[in-house]
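Here is what each chain is made of, one letter per residue.
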Amino acid sequence: MSESAPLRIGILGAARIAERALVAPARSGGHRLVAVAARDRSRAEAFAAAHGVERTHNSYADLIADPEVEVVYNPLANGLHGPWNLAALAAGKHVLTEKPSASNAEEAQEVREAAATSGTVFMEAFHYLFHPVTRRLHELLASGELGELRHAEAMVAIPAPEPDDPRWSLRLAGGALMDLGCYGLHALRVLAPWAGGAPRPVAARAGERAGAPGVDEWLDADLLFPGGATGTARCHMAYDRLEMSLRIVGTRGEATAANFVLPHQDDRVVIRTGDGERTEHLGTRSSYAYQLEAFAARVRRGTPMPLDAVDAVETMRLVDACYTAAGLGPRPRTER
């Protein structure tokens, strides 16, 4: 197939996130939205009509079986990521899944094995990693301008979703760390090249959602890198405002991304060193657009990509370890 051929994408579900995370980037990149399926056929039809999807299917299984669909995008509830990622990989499809890739590390390992067997491309949608904001933070460490890494802290918080939102369901692998905190943990994990390796949690604290036993409304984790640097990852799913900041502190200075998760909303990186303070603007193009470009390049040309099923397992191991340290335990698996 031509290296410039559009991806042929099928969408599982009619989730709100799909419009900004997949539909808009696919349109701008010239890719085809071949099919959509939802548990309610009428929702799938409304989604298809609104977003120019070519056809609908009666079930997720029917969409995965569609021979014209080569890429499956999975934005379902957290607990349904693992089962349907496994189904798509078993059918020989490329998979772009919303994070996290599975409900726990054991299931993520099964997904990794399925991806290796299928030989197709699998990527967990940590879109922030492809944006110039995050790349700039890494450049500041790599260049030595900030000196040696000593501390990193991430805060990812949003106002509370509705009470019946699946993110409050333990059965569907809900919780603040699963939905939000995984961004912070991943952002700290990828600092490993400048920290002697990946971090491990040394302590964690969590608050359960009222009426939802076992589901974290907030969770704070303290981490330690092998080289001695420390880290803090905080998340809150019933906060008074949206906050998605990442701060990196070195021996010579520090840098803060105002909104590393959604940099198109705020593209500032503030850098403070002995030479003073400056603010850099890295561009408001959507991180989702960068992500789909990288995914397509991997599928069509085999271009190396920093996110794969192996990386997804390591993230879930860290998520599970933080839940265990906070006294809640890993999320249970969900059957499809």
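Residues numbered from 1 in each chain as written. Predicted model: local features only at pLDDT ≥ 70, side-chain atom pairs only at ≥ 80, totals over all residues. Heavy atoms only, no water.

A. Representation of unusual backbone geometry in the model. Cis geometry marks the peptide bond from K99 to P100; its omega dihedral reads -10 degrees. Mapping P100 onto the fold places it in the loop between strand 5 (94-97) and helix 5 (105-118). Even without a glycine there, the phi angle at A173 is positive, about 60 degrees. In this structure, A173 sits in the loop between strand 7 (149-157) and helix 7 (176-189). (Helix = DSSP H or I, 4+ residues; strand = E, 2+ residues; numbered from the N terminus.)

B. Region of the structure containing the pairing of strand 12 (residues 253-257). In terms of burial, strand 12 is a largely internal element, five of the five residues being buried. Sheet topology note: the strand 11 (residues 243-250)/strand 12 ladder contains four bridges and is antiparallel. Across the sheet, residue V249 finds its bridge partner in strand 12, namely E254. Joining the antiparallel neighbours strand 11 and strand 12 is a turn of two residues. By the bridge criterion, five bridges tie strand 12 to strand 13 (residues 268-273) in an arrangement that is antiparallel. From the neighbouring strand, A255 faces strand 13, where its bridge partner is I271. (Buried < 20%, exposed > 50% of the residue type's maximum accessible area, 1.4 Å probe, protein only. Pairing = 2+ DSSP bridges.)

C. Quick peek at the packing of aromatic side chains. Scanning all chains against the criterion turns up five aromatic pairs. Ring geometry for Y128 against Y183: centres 6.3 Å apart, planes inclined by 75 degrees, an arrangement best described as edge-to-face. Taken together, the residues Y128 in the loop between strand 6 (122-124) and helix 6 (132-142) and Y183 in helix 7 connect sequence positions 55 residues apart. Looking at Y183, the relative accessible area reads 5%, which means it is buried. An aromatic cluster is present here, built from F126, Y128, Y183 and F260 joined pairwise through their rings. One residue, R209, lies across the ring of W168, its end atom 4.1 Å from the ring centre. Above the face of the Y323 ring, R331 is positioned so that its terminal group lies 4.0 Å from the ring centre. (Phe/Tyr/Trp six-rings, centres within 6.5 Å; stacked < 30°, edge-to-face > 60°. Lys NZ or Arg CZ within 6 Å of the ring centre and 35° of its normal.)

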